[in-house]
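Below are the chains, spelled out letter by letter.
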Amino acid sequence: MTGFPDLAVAATLGCASRRVDLAGLPGEISVPGEDARAGGAGAGGPAPRLLDAAAQYATARRARVRPAAPSRPEAPPPETRPAVPPRLAGVVQRLAGDPELLSEAVRLVAARGLRLSPSTLVRCLEGADEDRWAVLEPVAGQAGAWLFAKGAFPGQRPRLSAQERWARATEPEARTAALRALRAADPALGRELLEQELAVVRPRERAALLPALEVGLGPEDLPLLTGQWEGRAAGPRAAARDLLARLPGSAVARQHEAWAAEWITVQRRLARSPRLVLGGEGPPDAERWGIPRDSAPARVLQVVSRVPPDSWPRILGLDVLELAALLEAAGTDPWPHLRTAALTFRHRRLASVIVHRPRQVRRAGDRSAVRPLDQDLLRLLERPEQERLVAQALRSPEDRWPWDAVAALAAPLPAAVWRAWLERLVREAPTGGGPTAAHWRMLLHRVGPADLTAVGAALRELTARGDGAAWRTPLHRAVETLTLRSALHEELS
Amino acid sequence: MEVAPDASSRAAGRRLAVPGPWSGTGTQGALLWGECHGSGSTPYQVTVDVAARRWKCSCPSRKFPCKHVLGLLLLWADARLDESGTLTDFAERFARSGAARRKSDDGSPADAVPEDPAAAQARRRGAEQRAARREERVSEGMAELERWLQDQVSSGLAAASRDPEQWAEQVAARMVDAQAPAVASALRRLPRVVRSGDGWNERLLEELARLHLLARAWARAAELDEDLAAVVRRRVGFTVTTEELLRVPPVRDRWTVVGLRDTEEDRLSTRTLWLRGRSTGRWASVHYYSRGGEGFATPLRRGEEVDADLHFHPGRPPLRAALGTVHAEHGRPADCTWPGGTLARARAQWRETLARDPWSDGWPVVVRGTVDLVGGCFVLTDDDGDAVALLGRWPGLVELLGLTAARSLPVVGEIGPDGLTPTAFLEDGTVVVL
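Residues numbered from 1 in each chain as written. Chains lettered and ligands numbered in written order. Predicted model: local features only at pLDDT ≥ 70, side-chain atom pairs only at ≥ 80, totals over all residues. Heavy atoms only, no water.

Attention now moves to the overall build of chain B. Scanning chain B from terminus to terminus reveals 13 helices and 15 strands. Dimensions of chain B along its principal axes, counting C-alpha atoms only, are 75 × 65 × 40 Å. For chain B, restricting intrachain contacts to residue pairs at least 6 apart in sequence, the fraction spanning at least 24 positions comes to 60%. By element, 48% of the accessible surface of chain B is carried by carbon and sulfur atoms, the whole surface being about 20,800 Å². Separation between the mean location of the 58 positive side-chain charges and that of the 60 negative ones in chain B comes to 3 Å. (Helix = DSSP H or I, 4+ residues; strand = E, 2+ residues; numbered from the N terminus. Contact = heavy atoms within 4.5 Å. Areas by Shrake-Rupley, 256 points an atom, 1.4 Å probe, with all protein chains shown as cover. Lys, Arg positive; Asp, Glu negative; His and termini not counted. Charge placed at Lys NZ, Arg CZ, Asp CG, Glu CD.)

Here the focus is the side chain of R216 of chain B. Tracing the chain through its elements places R216 of chain B in helix α9 (residues 200–219). A residue is classified by how much of its surface remains accessible, and R216 of chain B, at 15% relative accessible area, is buried. (Buried < 20%, exposed > 50% of the residue type's maximum accessible area, 1.4 Å probe, protein only.)

Time to look at the UniProt feature "domain: SWIM-type" (unreviewed entry) in chain B. Listed under "domain: SWIM-type" (unreviewed entry) in the UniProt record, and renumbered for this structure, are residues 44–77 of chain B. Secondary structure across residues 44–77 of chain B comprises 32% helix and 29% strand; the distance between its end C-alpha atoms is 20 Å. (UniProt positions renumbered as here; feature names shortened; annotations may be inferred.)

A separate point is the packing of aromatic side chains. Inspection of the entire model under this criterion finds 12 aromatic pairs over all chains. Ring plane angle 75 degrees and centroid distance 5.1 Å describe the contact between W403 of chain A and W421 of chain A, whose orientation is recorded as edge-to-face. Placement of the pair is W403 of chain A in the loop between α22 (383–395) and α23 (415–428) and W421 of chain A in helix α23, with a sequence separation of 18 residues. Accessibility expressed as a relative area gives 0% for W421 of chain A, which makes it buried. Through a chain of ring-to-ring contacts, three or more aromatic side chains come together here, namely W133, F148 and F153 of chain A together with W394 of chain B. (Phe/Tyr/Trp six-rings, centres within 6.5 Å; stacked < 30°, edge-to-face > 60°.)

Residues and elements named next belong to chain B. An order of β12-β11-β10-β13-β14-β15 is seen for the six strands of this open sheet, with the pairing classed as antiparallel. Among the strands making up the open sheet, the edge pair consists of β12 (387–389) and β15 (430–433). Neighbour-to-neighbour, the strand axes of this sheet turn through a mean angle of 45 degrees, independent of strand direction. Across the sheet, helix α12 (residues 343–356) is in contact with β10 (363–374), β11 (377–382), β12 and β13 (409–416); its angle to β10 comes to roughly 135 degrees. (Pairing = 2+ DSSP bridges. Axes fitted to C-alpha atoms, helices over the stretch in contact; angles between N-to-C directions.)

Helices that pack against each other are described as a pair by the angle of their axes relative to one another and the distance between those axes. Where helix α5 (residues 118–125) of chain A meets helix α13 (residues 394–404) of chain B, the axes come as close as 8 Å, and the angle between the chain directions of the two elements is 155 degrees. Taken together, the axes of α5 of chain A and α13 of chain B are roughly antiparallel relative to one another. α13 of chain B is crossed by α5 of chain A, and the crossing has right-handed handedness. Contacts between α5 of chain A and α13 of chain B involve P118, S119, V122 and R123 of chain A from the first element and W394, P395, V398, E399, G402 and L403 of chain B from the second. Partitioning the contact of α5 of chain A with α13 of chain B into residue classes produces six nonpolar, two polar and two charged. (Parallel < 35°, antiparallel > 145°, perpendicular 65-115°, else oblique. Left-handed = near helix turned anticlockwise from the far one by under 90°. Nonpolar A, V, L, I, M, F, W, Y, C, P; charged D, E, K, R; others polar.)

At the interface, 61 residues of chain B touch 58 residues of chain A. For the pair chain B and chain A, the interface holds nine salt bridges. R62 of chain A is the salt-bridge partner of D361 of chain B, the closest N and O atoms lying 3.3 Å from each other. Counting across the interface, chain B meets chain A through 26 residue pairs in polar contact (both at pLDDT 80 or more). Here the side of chain B that touches chain A gets 11 residues from one element, more than from any other, and that element is α9 of chain B. When its residues are assigned to classes, the side of chain B that touches chain A shows 29 nonpolar, 14 polar and 18 charged. (Salt bridge = Lys/Arg side-chain N within 4 Å of Asp/Glu carboxyl O. Polar contact = N/O pair within 3.5 Å; in protein donor to acceptor, adjacent residues only side chain to side chain.)

A few words now on the sheet that holds strand β2 (residues 31–36) of chain B. All names here are of chain B. The antiparallel open sheet is built from four strands, whose spatial order is β1-β2-β3-β4. Two strands in the sheet have a free side with no partner beyond their single neighbour: β1 (22–28) and β4 (54–57). On average, each strand axis in the sheet is inclined to that of its neighbour by 10 degrees, with strand direction left out of account. Bridging between β1 and β2 involves five bridges; their strand directions are antiparallel. Bridge pairing links S23 to E35 in β2. Sheet strands touched by helix α2 (residues 67–77): β1, β2, β3 (44–49) and β4. Its angle to β3, the strand with the most contacts, is close to 55 degrees.

Along the polypeptide, S9 of chain B turns up in helix α1 (residues 7–15). What S9 of chain B contacts, discounting residues up to four positions off in sequence, is K63 and L70 of chain B.

Scanning all chains against the criterion turns up zero disulfides over all chains. Here C36 of chain B is not disulfide-linked; the sulfur of C57 of chain B is the nearest cysteine sulfur, at 7.6 Å. (Disulfide = S-S within 2.5 Å.)

Our focus in this paragraph is the nonpolar core. Of all hydrophobic cores here, the largest spans 90 residues; its most connected members are L225, L276, W312, W421, L425 and L459 of chain A. Excluding residues that lie within four positions of it along the chain, W312 of chain A makes contacts with A260, I264, V304, V307, G317, L318, V320 and L323 of chain A. Counting 70 residues, the second largest nonpolar core, distinct from the first, contains L95, L101 and L108 of chain A together with L373 of chain B. (Core = buried A, V, L, I, M, F, W, Y, C linked by side-chain atoms within 4.5 Å.)

Turning our eyes to something else, we now look at the packing of α9 of chain B against helix α10 (residues 226–236) of chain B. Residue and element names in this part refer to chain B. The N-to-C vectors of α9 and α10 enclose an angle of 125 degrees; their axes lie 10 Å apart at closest approach. Taken as axis vectors, α9 and α10 run oblique relative to one another. When you trace α9 past α10, the crossing you get is left-handed. Side by side, α9 and α10 meet where L214, A217 and W218 of the first sit next to V232, R233, R235 and V236 of the second. Here the contact of α9 with α10 is built from residues that sort into five nonpolar, no polar and two charged.

Right under this line is the structure:
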């Protein structure tokens, strides 16, 4: 019997050259003879008859509706939490594109004992990257978890533990981040897994991974670090040395203190302020230590960056700030190295002094510019001091780029800071300056729940003023974001 | 904000939802009005009939509704509209035109000016001549199509795989010239079939055979009954104007919107809404069109019911319709009692449809069953254990799976050769549209 596939083969190859047995068609398919064809157009031959037969077959095939294998799923467990009301579900959907705001929304939903309906989950996950399920999982409810288990969200993956992320990471950045997270959760396990890894990877990778040990660094890490320090590869040696310098009691730390005592002499003079004499011989293996060989001041400053600031009274009978003044008087610039020491040893007082130092830059034709606030040092300060400095930078016209400073402040921003931010925006944006989209996000993520309404009102007022066309779009997006956050907090906090 | 045509209009509307730019605002019943000051010297006059979902603005925007209408609506919704303004001339004219439109039931504009008889006769003669010329062009085009189809199967469809995009483009362009646009569209969908993988040649032959059937039916249109002839004309690309349709006796019922689908082709956006009549049990599909990102102006909203007249296009059976008079809007019904049949019944309905219109692509049905996801495929299994593949966009199918959660529920959708495309399901008397 001539079936549809036979017609298709003939048509594909060309029925002018490939014969098709139209007489073998089943009885239900009727095709007029060549000489009895009526109403058709075009040339005779098998082509019109093949098309006639194909049309009847096609209609019959299309009438069939392709069957599927039956399947009825097990029902998901009953929900234990009510769903978020539709209006709020819409708010959550609109925040889904911003990971920080979505996380905030999820926290609020979870804290109220609510869940997202499958409809909302689907909309939040549409087009999302693969980690979004992990963010939404706590509020997915039984139906959401059931859908995920059935593979309804292809490409999404569940929240991984730090160890799982470490095991799966392949890119250097991802591996370092996973190791740091592992160290934060379990320093001993992190060290153990790192040790296994160090045994098999190349020196460059060892050098990249070792700094992760700064998270939760402790005396237990000495043996591993000492092993790397005593190895032959320069990169891992340098990374290990920098970490050993932070461990009091380590041979490396003790050696630096010994050099400090040897290379710096304090000459105390009657009726005059003391002065420093910098000298001494560098070690024969200066390169291994990362110490400049030829210049005594350079050697001294390198040591200054590696000695805990609180050790100087014991070593030289000087406070670190006194040491700084004397080093300056000796013709050196100790501040970059003291900055390193402040960050390494998280020395708040030293950080504060450095942050408050004059920030003027000498630029031809521009004597008024200042360097931006040092965010890393800012993060070491007490909160009130941080807020004061950031607000001051925002209000100071000489501070040309104050927007980044907000990044150093954790949420919630105090009113003094966000008011200064908005005032600066009003002054600067109409002339083409102003914050970038990233800075806007920083602000919007850090406004506390109590200030959402006030900041939203202030921004709406700026919108109504209608000036500064260049910043209108981010301004309107900001108003929208704050309105959404406001709605969430009003209903769920 | 559901009426906003797009996201940028929503954002623009929100920006105007502040009292500052507005003056002379007021309300009277469902009527809102106001003047919105923009960058020009003359403010825009904005009026909205909230109940009838009508609006008008004097701005030159091509979006509908425009941002001024949206801003006024938002102000009113937020209860921030100053309602002290007196009824303005423009608002009064708008209100009168709305009342006139509701009274008019003969399909002609309420303020139409009677036409001069001689001019009317000349206009009619011209239309007849144009129609006759079009019939000739279409006949020539369909004859050429038939010759092309025969040439393809004669020389071999394998040639299509060499350059699928260009293979049928010339004949498609010829169909456009022949004023057979639906045939041109069908030809321009063929490259997708050629690229569809294993078995593409059988699927291609099916599509070419359908076009052959249409060409033959066109050639013998005089012998066909009226309904089938109307189907053939529609499949070729003849359209019925809304004015003509509104003269067809309407079917009045309480129509529930049970499906919504937006598609885009050649920069034309189409919104298809499926409706089911509460008393008549009839199905209908209503189409709206827009270009260039403008929204769809329709009072029909998913899951809601309207007491309205539908004017059906000729068809076998009639499905496509135009919305006529809306008598009342009833919001979301809570007492829909469509129990849903079996897949066997749905297949029978599909066969009946195809027997009457061989070019049909689907027919709406209600099937009671359970949804599952197996091996990456969604299926609906009815209470008799029969199953069919579920088709459509992934988010809608996941939503259906999640919301039905292994329960046997009536599922509304369009059945076709490849499976069922769900649009909604019923739960506790309510229609949940995906």
